[in-house]
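Here's the letter readout for the chains.
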Amino acid sequence: SAEVTRRISEHPNIMLLTGEVTAIPDGPAIIATGPLTSDALSQSVRTLLGEQNLAFFDAIAPIFSRESIDENVTFAASRYGKGGADYLNCPLDQNTYEAFIDALLAADVHQGHDWDQVPYFEGCLPIEVMARRGRETLRFGPMRPVGLLDPETGRQHHAVAQLRMEDRAGQMWNLVGFQTRLKISEQLKVFRMIPGLEEAEFLRFGAIHRNSYLNFPARLTAHGAVEGREDLLFAGQLTGVEGYTESIVSGLLAGLNLDRILTGEQPLIPPPTTMIGGLYRYLREADPANFQPMNANFGLLDPLPERVKGGRKARRAALSRRAQEQINVWWAESVSRPGVS
Ligand SMILES: Cc1cc2nc3c(=O)[nH]c(=O)nc-3n(C[C@H](O)[C@H](O)[C@H](O)COP(=O)(O)OP(=O)(O)OC[C@H]3O[C@@H](n4cnc5c(N)ncnc54)[C@H](O)[C@@H]3O)c2cc1C
C-alpha cells in the first residue's frame, strides 16, 4: 500500500487533498472509502442507497470448490422440496455429530484487534457460539435435519450440514449458517470432519469482521455505478471485494470506467476468464438476500473447456495462463489508447 500511495502522490495528473468527505459529492466521483468508512459518509450512502444496503459487519461461512466435495456421500435436496436443487446435504449420524460438536467446542477462535470486535446478532451467530449454548443447538439450527430426506433411503438423518450453490456455474458451495471466527487451522480440521468434506478445498475461509460493504447486486450496476447517477461509482472493499489486489484493481477499473462514461463511451468489464472479471460477475450475480464479500479465488473463473492432466496444480496453472492472455487481449482491444497505459 506504500507503493500505491507513492504513485498516487507523485502522479502529475492527481491533486491529493486529505480530509474527511462527509457527504456524497454532486459531481462525478468514485467512492472507495473501504471497510471503515466514516460515520457521516456512511449515513449519506445509506440515505442514497437505502438503510439496509450498507452493512457494517460481514458474517462469512466457508466456501468449498464443487470438485472437492465427495458426492458419493452428499445428497442433493432442498428442505421440504422447496427452493430448487441448489443444495447439497452432508449427512451426520449421531456419533459423527457428537464428535463434530466436541471438536468445535475445543477449537481456537481468532481474537482480532479491539477495533475489529463485532457485536453478534441472533440471526447470524458464529457457529462456535451457537454450539456453546448446548450440544443440540445446532441440530435445531443450521444442522437441522427436518424436511431433508435422503433420496436413497427415504430416511431423515441425525443432523445435516447444507451446502448452497454460491455461483451460477455451481463451482462454489457455501456451508450455510457456518459463519465463524475459528482460526484457519481449526477450520481445516473441524469442518473437514463433516461427511463429504473430508478432502474439501476451501475457496474462502469463514470470517466475521467489522466491514462496511454495500449490497452490490441489489443496488449497483454491473460496473459499480448507482442507477440514475451514472457518474457516481463505488470501488474497493466497500463494494464487497476483499483484499489489497482486489481493491486496487477494482479502483483501477472504476477509474477507467468513469473516464469512459464522461467521454460518452460504454463502461467495460474484463471477461470472467480473468480474476477481476470473475469477481465482478460474482458481485453482479450473487443473491442479494445472502450477499457477502468475496476475495479472489479460482472458483470465480469460468471453467476450462477441456480436462487438464496433472491435477489441481496443473489446472490452476492453465487457468492463470488463460487469465493472463485474456486480460492482455482485453486491455489491447478495449482499453489501450493514447493517455491510458
Ligand atoms: C489488519 C488487516 C490485515 C489485512 N491483511 C491483508 C493481507 O494480508 N492481504 C490482503 O490482500 N488484504 C489484507 N487486508 C485487507 C485489505 O487491507 C483491504 O481489503 C484493502 O485495504 C481495502 O482497500 P480499500 O482501498 O477499499 O480501503 P482502505 O484501504 O480501507 O482505504 C480507504 C481509505 O478511505 C479512508 N476514508 C474512510 N472514510 C472516509 C471519508 N469519509 N472521507 C475520506 N476518506 C475516508 C480510510 O481512512 C482509508 O484510508 C487486511 C486488512 C486488515 C484490517
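For clarity, every value in this text was computed on a predicted model and none was experimentally measured.

Cut-off values and rules
Residues numbered from 1 in each chain as written. Predicted model: local features only at pLDDT ≥ 70, side-chain atom pairs only at ≥ 80, totals over all residues. Heavy atoms only, no water. Patch = residues over 30% accessible without salt bridge, like charges linked within 9 Å, V, L, I, M, F, W, Y side chains within 5 Å. Areas by Shrake-Rupley, 256 points an atom, 1.4 Å probe, with all protein chains shown as cover. Salt bridge = Lys/Arg side-chain N within 4 Å of Asp/Glu carboxyl O. Helix = DSSP H or I, 4+ residues; strand = E, 2+ residues; numbered from the N terminus. Buried < 20%, exposed > 50% of the residue type's maximum accessible area, 1.4 Å probe, protein only. Contact = heavy atoms within 4.5 Å. Pairing = 2+ DSSP bridges. Axes fitted to C-alpha atoms, helices over the stretch in contact; angles between N-to-C directions. 1 Å grid on protein atoms, 1.4 Å probe; cavity = no way out; pocket = protein on both sides within 12 Å on 5 of 7 lines; lining within 4 Å. Points joined across faces, edges and corners; volume = space filled by probe spheres on them. Nonpolar A, V, L, I, M, F, W, Y, C, P; charged D, E, K, R; others polar. Domains from an automatic or database assignment. Polar contact = N/O pair within 3.5 Å; in protein donor to acceptor, adjacent residues only side chain to side chain.

Asks: With reference to specific residues and values, describe a nonpolar patch on the surface.
Replies: Side chains of Val4, Ile8, Ile14, Leu16, Tyr244, Ile248 and Val249 sit close together on the surface and give an oily, nonpolar patch of about 640 Å² of accessible area. Broken down by secondary-structure element, the contributors of at least two residues to the nonpolar patch are α1 (2-10) and α7 (244-262). Broken down by element, the nonpolar patch gets its largest block of residues, three residues, from α7. In this structure, Val4 sits in helix α1. A relative accessible area of 35% places Val4 in the partly exposed class.

Asks: Explain helix α2 (residues 39-49) to me, and be specific about the residues and the numbers.
Replies: For α2, the complete set of buried residues consists of Leu41, Ser42, Ser44, Val45, Arg46 and Leu49. Buried residues belonging to α2 abut β1 (29-31), β2 (54-57), β9 (210-214), α6 (216-219), β10 (225-226) and β11 (229-234). Immediately downstream of α2, the backbone of Gly50 shows phi near 105°, a positive value.

Asks: A description of the sheet that holds β11 should follow, citing residues and the corresponding values.
Replies: Strand order in this open sheet of three strands is β1-β11-β10, and the pairing throughout is mixed. Each of the sheet's edge strands pairs with one partner strand only, and the pair in question is β1 and β10. Sheet strands touched by α2: β1, β10 and β11. Its angle to β11, the strand with the most contacts, is close to 135°. Along the sheet, α7 contacts β1 and β11; its crossing angle with β11, the most-contacted strand, is approximately 170°.

Asks: Give a description of empty space enclosed by the protein that names residues and reports values.
Replies: Scanning the model with the defined rule gives two cavities of 30 Å³ or more in all. Size it by volume and the largest cavity reaches roughly 60 Å³. In terms of lining residues, the largest cavity is bounded by Leu256, Asn257, Asp259, Arg260, Leu268, Trp330, Val335 and Arg337. Broken down by secondary-structure element, the contributors of at least two residues to the lining of the largest cavity are α7 and α9 (311-335). For the lining of the largest cavity, the leading source of residues is α7, giving four residues. Its residues placed into classes, the lining of the largest cavity shows four nonpolar, one polar and three charged. Of the voids in this model, the second largest cavity is the one considered here, and its volume is about 50 Å³. The wall of the second largest cavity is formed by Ile60, Ala61, Ile63, Glu166, Asn174, Tyr282, Gln292, Pro293 and Met294. For the lining of the second largest cavity, the class distribution of residues is six nonpolar, two polar and one charged. Of the domains in this structure, domain 1 (2-58 + 213-335) and domain 2 (63-204) are the two that each give at least three residues to the lining of the second largest cavity.

Asks: Any details on the side chain of Ser65? Residues and values, ideally.
Replies: Within the secondary structure, Ser65 sits in strand β3 (residues 63-65). Judged by its relative accessible area of 5%, Ser65 falls in the buried class. In this structure the side chain of Ser65 is engaged in a polar contact, spanning 2.6 Å, whose partner is the side chain of Glu201. Setting aside anything within four residues of it in sequence, one finds Ser65 in contact with Gln171, Glu201 and Leu203.

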